[in-house]
Amino acid sequence: MIKKGDIYYPTKEIKNKAWVKDKKIYKEAEKDPIKFWENLAKEIFWFNKWKKGFVHKPPYFQWFTEGKINITSNIFEHNSLGWEKIKNKTAIIWEPELIDEKPRILTYNELSGEVNKFANALKRLGVRKGDRVGIYLPMIPEVIISILACARIGAIHAVVFSAFSPNALKIRLQDTEAKVLITADGYFRRGKIIDLKKNADQGIQETKVKKVIIVKRAENKIKMEKERDFWWQDLVEKESVQCEPRVMDSEDTLFILYTSGSTGKPKGTVHACGGYTVQAKWTGKWIFDLHDNDIMWCTADVGWVTGHTYGVYSPLLNGIPTLIYEGSPDWPNLDRWAQIIEKHKVNIFYTAPTAVRMFKKYGTEFIEKYKFDTLRILGSVGEPIDEAAWNWYFKEVGKEKCPILDTWWQTETGGILITSLPGVGPFKPCFTGLPLPGLKFDILDEKGKSLPSNKEGNLVLLPPFTPGLLRGIYKNPKKYLETYWNEYGKKVYFTSDAAYKDKNGLIRIVGRVDDVIKVAGHRLSTGELEDAISRIPDISECAVIGIPDEIKGEALLSFVVLKKEKSLEQVQEEIKKQIRKEIGPIASIKNVYLVKDLPKTRSGKIMRRILKRLFTKEELGDISTLANPESVNQIKKVIIQ
Ligand code: WTA
């Protein structure tokens, strides 16, 4: 990489290889963004071409109207690289957590066969186009096979992160009204077997799930219920490796994925077949500069949007192998992740800042023996990457030759929207980069005025948005309108992130302006956590905040008002149990404080901002407007203890 001041540019070598090397593309796309996306869509296989590129009926919009498509046809028989060329190529490299177990490799042809067999099995169980199918699987090839099998027959997949608790699963299944759930007996995590079937059995209570399909993975003993539970292996045994793709309308739903917002209930973001396919294919190809011989490892679990788009769809649409890993990146040794990169000759490595900070903390000695000479592109996602982590990643992993793509996007956007392109640059630590060609972002003040460089405001996306942007919140149009199209009217997509631009237009993300907290890159909502905690008997009120954490980015603190006296230890234990039950281990609370009162506005709103400032050492601001300013001093005392 070439360094000028604090900014990096790609070398000639990177440029020469890159799909995009000329910044002219930004100007061209800007002239007519709809045309720009339409041109990209031409390289996708459509059963029938679309009529209109973009149709806008605020707050709703459509892309590639009346186009007919199936995303799996674009992965398999009509892959843009040509089926003959890719059918014997590796599609999935699966690395199990157990170090002595052999990786599983599936070629495109084998994957296609497995997908079709399972698609046929789903049909036989009565799954039809538009039906929702719950997927609650660990990182094993069957999670990808399940997703693609649903897409093949037009069923809507709704993946639920396997580390989510039974209750979290239940809420999501209730919302989708899925009749089928795909899960596994168990899986390995840090050497232990996680009994996933037991969680699934609890999670499907009080839902419409009538059939459960179970992949045999850990061979732990499980209970099977007659006529409800089926072994995956038994179902697919006699099915054919052929299954015609269901012809889908461009605007038909491809999947629902739940994410946390400000309120207690998770929102099901709805993604459309046509736009998502075009965006997943091209963002992967250009941003990670995917070439025929590349191997991509996106470390995100398929339960999150990053796993959906860059662990599954994007690499496969581009005809390259995707690597998935079952376990923890530091198990059984701290350098497991580095071993995997060398063993499988990974070229593109996409991970989260929290992982980078963890690797960095372990020290460089662990990875001194690794040359990482296959790596070409590094990516980061999910939260801002601080300068120290950026530099470590750049130097110790990328050996100063790989561009670091700090990619900004959201579950809602379906794909990466802001990052500098590898063959163009520039790359500046802490700055996520330039919006992709054809996208119109702006930074607005509260009144909706566009702000000049270096002024912080709300990051918004303007029409025609992007083909992969969510089309709605499942069964909740009100929430869709309120969350995204209310702040600045129905034509401006409100991201809920604060940001500013430098003088070159590079965007720096400051963080969320709503009540979403990012713990180790996982999106959690204060509302959801507070709801769960408030349900514990004897707790009358609580507030949850995120404060800066060296490794996890943010850590959770909870302030609790009790109805009757209890010891702190007891409350801590109860909260821990409750959070595990309602959400899962990812939402662990670092500290609990017992307080008499929470700071509130006169209208009764809890001022979390003030609680947070007690930890970040920022000025508290004017607290005299609070209904109970004395609460702040009392809380200060509790914190100091
Ligand atoms: C944050 C993850 C800074 C942001 C793909 C956004 C980031 C939220 C970055 C979405 C980045 C994501 N730099 N912040 N490169 N990428 N974020 O839905 O606050 O899990 O709104 O999607 O993560 O999180 P989500």
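Going along each chain's sequence as written, the residues are numbered from 1 onward. Local features in this predicted model are restricted to residues whose pLDDT is 70 or higher, and side-chain atom pairs enter the listing and the counts only when it is 80 or higher, whereas totals over whole chains, interfaces and linings include all residues. To obtain the side-chain values, all non-hydrogen atoms of the structure were used and water was disregarded.

Peer 1: I'd like a description of the pairing of strand β22 (residues 404-407), backed by residues and values.
Peer 2: Three labels apply to residues, based on accessible area from a 1.4 Å probe with only protein chains included: buried if under 20% of the type maximum, exposed if over 50%, partly exposed otherwise in between. Strands are runs of DSSP state E lasting at least 2 residues, helices are runs of H or I lasting at least 4, and numbering of each runs from the N terminus. Side chains Ile404 and Asp406 project from β22 onto one buried face, and the interleaved Leu405 and Thr407 project onto a second face that is buried too. For two strands to pair, DSSP has to find at least two bridges joining them. Here 4 bridges tie strand β21 (residues 377-381) to β22, and the two strands are oriented parallel to one another. Bridge pairing links Leu378 to Ile404 in β22.

Peer 1: I'd like a description of the site of the ligand, backed by residues and values.
Peer 2: By convention in these notes, a residue is near a molecule or strand provided one of its non-hydrogen atoms lies within 4 Å of it. Around the ligand, the structure places 17 residues, and the nearest of them are Asp406, Thr407, Thr411, Asp497 and Arg523. Identification of polar contacts relies on pairs of N or O atoms within 3.5 Å, with a donor-acceptor requirement for protein atoms, meaning one able to donate a hydrogen and the other able to accept it, and with residues adjacent in sequence counted only if both atoms are side-chain atoms. Interatomic distance of 2.7 Å between a backbone N/O atom of Thr407 and a nitrogen atom of the ligand. Thr411 places a side-chain nitrogen or oxygen 2.5 Å from an oxygen atom of the ligand. Coverage of the ligand by the protein chains reaches 97% of its 520 Å² of free accessible surface. Secondary-structure elements contributing two or more residues to the shell around the ligand are α12 (305-317), β22 and β27 (507-512). Three classes are used: nonpolar for Ala, Val, Leu, Ile, Met, Phe, Trp, Tyr, Cys and Pro, charged for Asp, Glu, Lys and Arg, and polar for all others, with Gly counted as polar. Looking at the shell around the ligand, its residues break down into 6 nonpolar, 5 polar and 6 charged. Throughout, the Shrake-Rupley method with a 1.4 Å probe supplies accessible areas, and for residues the shown protein chains are the sole cover considered.

Peer 1: Give me the environment of Lys449: which residues, what numbers.
Peer 2: Mapped onto the elements of the fold, Lys449 is located in the loop between β23 (440-444) and β24 (457-462). As a C-alpha pair, Lys449 and Asp229 span 220 residues in sequence and 57 Å in three-dimensional space. When checking whether two residues touch, look at their non-hydrogen atoms; a contact exists if any pair is within 4.5 Å. Look past the residues within four positions of Lys449 in its chain and what remains in contact with it is Ile443 and Leu444.

Peer 1: Break down the sheet that holds strand β6 (residues 90-95) for me, with residues and values.
Peer 2: Pairing is mixed across the open sheet formed by 7 strands, whose spatial order is β7-β6-β19-β18-β20-β21-β22. Both edges of this open sheet fall to β7 (104-107) and β22, since each of them pairs with a single strand only. Taken over all neighbouring pairs, the strand axes of this sheet differ in orientation by 20° on average, direction set aside. Throughout, an axis means a line fitted to C-alpha atoms (over the contacting stretch in the case of helices), and angles, computed between N-to-C directions, take values from 0 to 180 degrees. Those strands touched by helix α6 (residues 108-124) are β6 and β7, and its axis lies near 90° from that of β7.

Peer 1: Before we move on, could you go through the domain arrangement of the chain and cite the residues and values that matter?
Peer 2: One frequent convention defines the size of an interface as the accessible area lost when the parts assemble. Reported domain spans reflect what an automatic or database domain assignment gives. Taken domain by domain, the chain consists of domain 1 (2-495) and domain 2 (516-640). Put simply, the middle of domain 1 and the middle of domain 2, counted by C-alpha atoms, are 32 Å apart. Contacts between domain 1 and domain 2 engage 25 residues on the former and 23 residues on the latter. Simply put, the buried area is the total loss of 1.4 Å probe accessible area from both parts when two parts are fitted together. Buried area between domain 1 and domain 2, both sides added, is near 1800 Å², and the carbon and sulfur share of it is 49%. Here, a salt bridge means any Lys or Arg side-chain nitrogen found within 4 Å of an Asp or Glu carboxyl oxygen. Where domain 1 packs against domain 2, one counts 2 salt bridges. Glu528 serves as the salt-bridge partner of Arg172, at 4.0 Å between the closest nitrogen and oxygen. Connecting domain 1 to domain 2 are 13 residue pairs in polar contact (both at pLDDT 80 or more). Those elements that place two or more of their residues in the side of domain 1 that touches domain 2 are α8 (166-176) and α14 (353-362). Its residues assigned to classes, the side of domain 1 that touches domain 2 comprises 7 nonpolar, 12 polar and 6 charged.

Peer 1: Let's hear about the layout of surface pockets: which residues, and what values?
Peer 2: Considered as a void within the structure, the second largest pocket measures approximately 520 Å³ in volume. If you go around the second largest pocket, you meet 17 residues; those closest to its centre are Lys23, Tyr26, Leu434, Pro435 and Asn504. Counting residues per element, the lining of the second largest pocket draws most heavily on helix α2 (residues 24-31), which supplies 3 residues. In terms of residue class, the lining of the second largest pocket is built from 10 nonpolar, 3 polar and 4 charged. Lining residues are those with an atom within 4 Å of a point, where the points come from a 1 Å grid over the protein atoms alone and group into cavities, where a 1.4 Å probe fits but cannot get out, or pockets, open sets with protein on both sides within 12 Å along at least five of seven lines. Grid points are joined across faces, edges and corners, and a volume is the space filled by probe spheres set on the points.

Peer 1: Could you give an account of the confidence of the model for the chain, with specific residues and numbers?
Peer 2: Averaged over every residue, the pLDDT of the chain is 96; residues scoring 70 or more account for 100%. Looking at the elements of the chain, mean pLDDT is at its lowest for helix α19 (residues 608-616), recorded as 92, and at its highest for helix α7 (residues 141-153), recorded as 99. Each residue carries a pLDDT score, the predictor's own confidence in it, on a scale running from 0 to 100.

Peer 1: How would you explain the packing of α14 against helix α15 (residues 387-397) if you had to name every residue and give the values?
Peer 2: Contact pair α14 / α15: the axes reach a minimum separation of 9 Å and the direction vectors enclose 75°. Taken together, the axes of α14 and α15 are roughly perpendicular relative to one another. On the side of α14, the interface is formed by Val356, Arg357, Phe359 and Lys360, while α15 contributes Ala388, Ala389, Trp392 and Tyr393. Tallied by class, the residues present in the contact of α14 with α15 amount to 6 nonpolar, no polar and 2 charged. Reported orientations rely on four angle classes, namely roughly parallel under 35 degrees, roughly antiparallel over 145, roughly perpendicular from 65 to 115, and oblique for the rest.

Peer 1: Requested: an account of α7, with residues and values cited.
Peer 2: Multiplying 1.5 Å by the helix residue count minus one yields the expected span of that helix. For α7, spanning 13 residues, the distance from its first C-alpha to its last is 19 Å, which sits close to the expected 18 Å at 1.5 Å a residue. Along α7, 13 of the 13 residues are buried, which leaves the element largely enclosed by surrounding structure. Directly beyond the C-terminal end of α7, a positive phi value near 80° is found at Gly154.

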